[in-house]
Amino acid sequence: MTPREIIAEAWAITVREHVLRRWGFFSSFFETLLTAKLVSYQVYFLWEWMHGTLGGFFDVEIMIYNTLPHWFFWTFVLTFVFLFIIELFIPSFAKGAIIGLTAKAYQKEEMKGGLVLAVYNFFPMFAVHELFVLGSIATTITICSLVLRYVEGDVKYYMIGIVVFFWILSNILEFLASFAQPAIVIKRVSIFEGIGQSFKLILSFLGHVMFLWLLLFVISIRIAFNAAIVLLIPGIAVGIGLALANVLSPVVTYSIAIGVGVLLILIASYFFAYLHVFRDAVWTITYFELKKHKDLLVIGE
């Protein structure tokens, strides 16, 4: 298949298979929710830093404890902790199902077994994700924020430079390991064997570089759109909270603001689901196609 045919097939599978989009929505919602919270905290820290003070991690919780009923505080804290734990693991949990079901759709097999694929491949998917965790822009911003707020002297700028260097390095390595997760799910190989296969495939088929750059461009559009939405959601929620603060009670105001924020994340996640599934479908189909070629390390039969 040509790169154009691969992209067309990946999009056709994304649009046709509702079960894939459900898994994509499931993953995108919690991923976007976590990113929105991380960005919200960093915006708050930046605001405090610009006004000459250092914001603390638990300032919001302390403010809620001091101004709102204790039942609301404990509901908020327990929900926050519960969601944070889920948000860390759900994307990796759903990844195995998305890749496995995409492979089944491409092979014209029955679209069943998503939960089994998710459970069986969870730990390898999570391990691969954590190997390149510094490639996340939200993680990088969080680390840079910590350095700026708690490290004294000019050394903090060198530390930020090191963090940015590892962010770039992680993204390069993550790109080279793009076929690792399909290899793990489809061929049942180990984590490092899958990464090794991915490195070899990408380096062996540099003739597909235009296709790979096109894929990166699509991913960049998703990331830019994702960043815009994530930055917009907290702003809308906070704006609604401030607008209602002088009219309604604090409990009602915060409840409405949180509800609107969650609703916006649900709407955004619906659209992200298409892009999420499409990205994984492209890599999965490309893995199938490249594995049909003879290994360039093999000479003769």
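Residues numbered from 1 in each chain as written. Predicted model: local features only at pLDDT ≥ 70, side-chain atom pairs only at ≥ 80, totals over all residues. Heavy atoms only, no water.

> It is not clear to me how the overall build of the chain should be interpreted in this structure. Could you clarify?
Within the chain, the regular secondary structure consists of twelve helices and zero strands. Taken from the N to the C terminus, the helices and strands of the chain come in the order α-α-α-α-α-α-α-α-α-α-α-α. The proportion of buried residues among the 301 residues of the chain is 43%. Look at the contacts in the chain between residues 6 or more apart in sequence, and 75% of them connect residues 24 or more apart. Counting only carbon and sulfur atoms, one obtains 75% of the accessible surface of the chain, whose full area is about 16600 Å². (Helix = DSSP H or I, 4+ residues; strand = E, 2+ residues; numbered from the N terminus. Buried < 20%, exposed > 50% of the residue type's maximum accessible area, 1.4 Å probe, protein only. Contact = heavy atoms within 4.5 Å. Areas by Shrake-Rupley, 256 points an atom, 1.4 Å probe, with all protein chains shown as cover.)

> Could you clarify how one ought to interpret the nonpolar core in this entry?
Across soluble globular proteins, nonpolar side chains show a tendency to be buried alongside one another. By size, the foremost hydrophobic cluster in this structure holds 43 residues, and its most contacted members are Trp 23 and Phe 179. For this core, the secondary structure elements donating two or more residues are helix H1 (3–16), helix H2 (18–50), helix H4 (70–106), helix H5 (114–120), helix H6 (122–131), helix H9 (180–187), helix H10 (191–204) and helix H12 (250–291). Residues in contact with Trp 23, not counting those within four places in the same chain, are Phe 93, Ala 94, Ala 97, Ile 98, Leu 101, Gly 114, Leu 115 and Ala 118. Membership of the second largest hydrophobic core comes to seven residues, among which are Phe 29, Ala 36, Ile 86 and Ile 265. (Core = buried A, V, L, I, M, F, W, Y, C linked by side-chain atoms within 4.5 Å.)

> I'm lost on the packing of aromatic side chains in this one. Help?
Each aromatic ring pair is characterised by the separation of its centres together with the angle its planes make. If you walk through the whole model with that rule in mind, you get 18 aromatic pairs. A ring pair is formed by Trp 23 and Phe 26, whose centres lie 6.0 Å apart and whose planes are at 75°; its orientation type is edge-to-face. With a gap of three residues between them, Trp 23 and Phe 26 both fall in helix H2, about one helical turn apart. Of the residues examined, Trp 23 reaches a relative accessible area of 14% and is grouped as buried. Between Phe 29 and Phe 30, the aromatic rings sit 5.1 Å apart at their centres with planes inclined by 75°, giving edge-to-face as the arrangement. Members of the aromatic cluster, joined through ring pairs, are Trp 23, Phe 25, Phe 26, Phe 29, Phe 30, Phe 89, Phe 93, Phe 122, Phe 123 and Phe 126. (Phe/Tyr/Trp six-rings, centres within 6.5 Å; stacked < 30°, edge-to-face > 60°.)

> How should I be thinking about the side chain of Thr 140 in this particular structure?
With respect to the secondary-structure elements, Thr 140 resides in helix H7 (residues 137–150). A relative accessible area of 6% means that Thr 140 is categorised as buried. Each residue touching Thr 140, except ones within four places of it in the same chain, is listed here: Leu 134, Val 163 and Trp 167.

> I would appreciate a short explanation of the confidence of the model for the chain in the present structure.
Should pLDDT be low for a region, the predicted coordinates there are not to be read in detail. Looking at the chain, the pLDDT average stands at 79 and 78% of residues meet or exceed 70. Looking across the chain, the model is least confident in helix H11 (residues 209–244), with a mean pLDDT of 61, and most confident in H9, with 92. (pLDDT = per-residue confidence, 0-100.)

> Help me understand H1, please; the structure alone is not making it clear to me.
Quick reminder: α-helices carry 3.6 residues per turn. Residues three or four places apart thus point the same way. Between its first and last C-alpha, H1 extends 20 Å over 14 residues, near the 20 Å set by a 1.5 Å rise per residue. Ile 6, Glu 9, Ala 10, Ile 13 and Thr 14 are the residues of H1 that are buried. Around the axis of H1, the buried residues are gathered within 135° of arc, so they sit on the same side. (Expected span 1.5 Å × (residues − 1). Arc of directions from axis to C-beta.)

> What is the right way to read the side chain of Ser 170 from this model?
Inspection of the secondary structure assignment puts Ser 170 in helix H8 (residues 155–176). Setting aside anything within four residues of it in sequence, one finds Ser 170 in contact with Phe 132, Leu 134 and Gly 135.

> I would appreciate a short explanation of the environment of Ile 6 in the present structure.
Of note, Ile 6 is situated in helix H1. Overall, Ile 6 belongs to the buried group, its relative accessible area being 1%. Residues Ile 6 and Glu 289 lie 283 residues apart in sequence; the distance between their C-alpha atoms is 8.8 Å. In this structure, Ile 6 is in contact with Met 1, Phe 211, Val 282, Ile 285, Thr 286 and Glu 289, ignoring residues within four places of it in sequence.

> I'm lost on the pattern of salt bridges in this one. Help?
Side chains bearing opposite charge may pair, as long as their charged atoms lie close to each other. Across all of its chains, the model carries five salt bridges by this definition. Salt-bridge contacts for Asp 280 lead to Arg 279; the nearest nitrogen and oxygen are separated by 3.8 Å. In this structure, Asp 280 and Arg 279 share a single accessibility class: buried. Glu 289 serves as the salt-bridge partner of Lys 292, at 3.1 Å between the closest nitrogen and oxygen. On the basis of relative accessible area, Glu 289 is assigned to the buried category, the value being 9%. Among the ionic contacts, a cluster of salt bridges with common partners joins Lys 95, Arg 279 and Asp 280. (Salt bridge = Lys/Arg side-chain N within 4 Å of Asp/Glu carboxyl O.)

> Would you mind showing me how to read the environment of Ile 195 here?
Topologically, Ile 195 is positioned in helix H10. Each C-alpha atom, one on Ile 195 and one on Val 128, is 8.6 Å from the other, the two residues being 67 residues apart in sequence. The contact partners of Ile 195, leaving out residues within four places of it in the chain, are Leu 131, Ala 177 and Ala 180.

> Sorry, what's going on with the packing of H2 against H4 here?
Think of two packed helices as two axes; the pair is described by the angle between the axes and how far apart they sit. One can describe the packing of H2 onto H4 by two numbers: an axis separation of 8 Å at closest approach and a directional angle of 145°. For H2 against H4, the interelement crossing comes out left-handed. Residue composition of the contact of H2 with H4, by class: 20 nonpolar, three polar and three charged. (Axes fitted to C-alpha atoms, helices over the stretch in contact; angles between N-to-C directions. Left-handed = near helix turned anticlockwise from the far one by under 90°. Nonpolar A, V, L, I, M, F, W, Y, C, P; charged D, E, K, R; others polar.)

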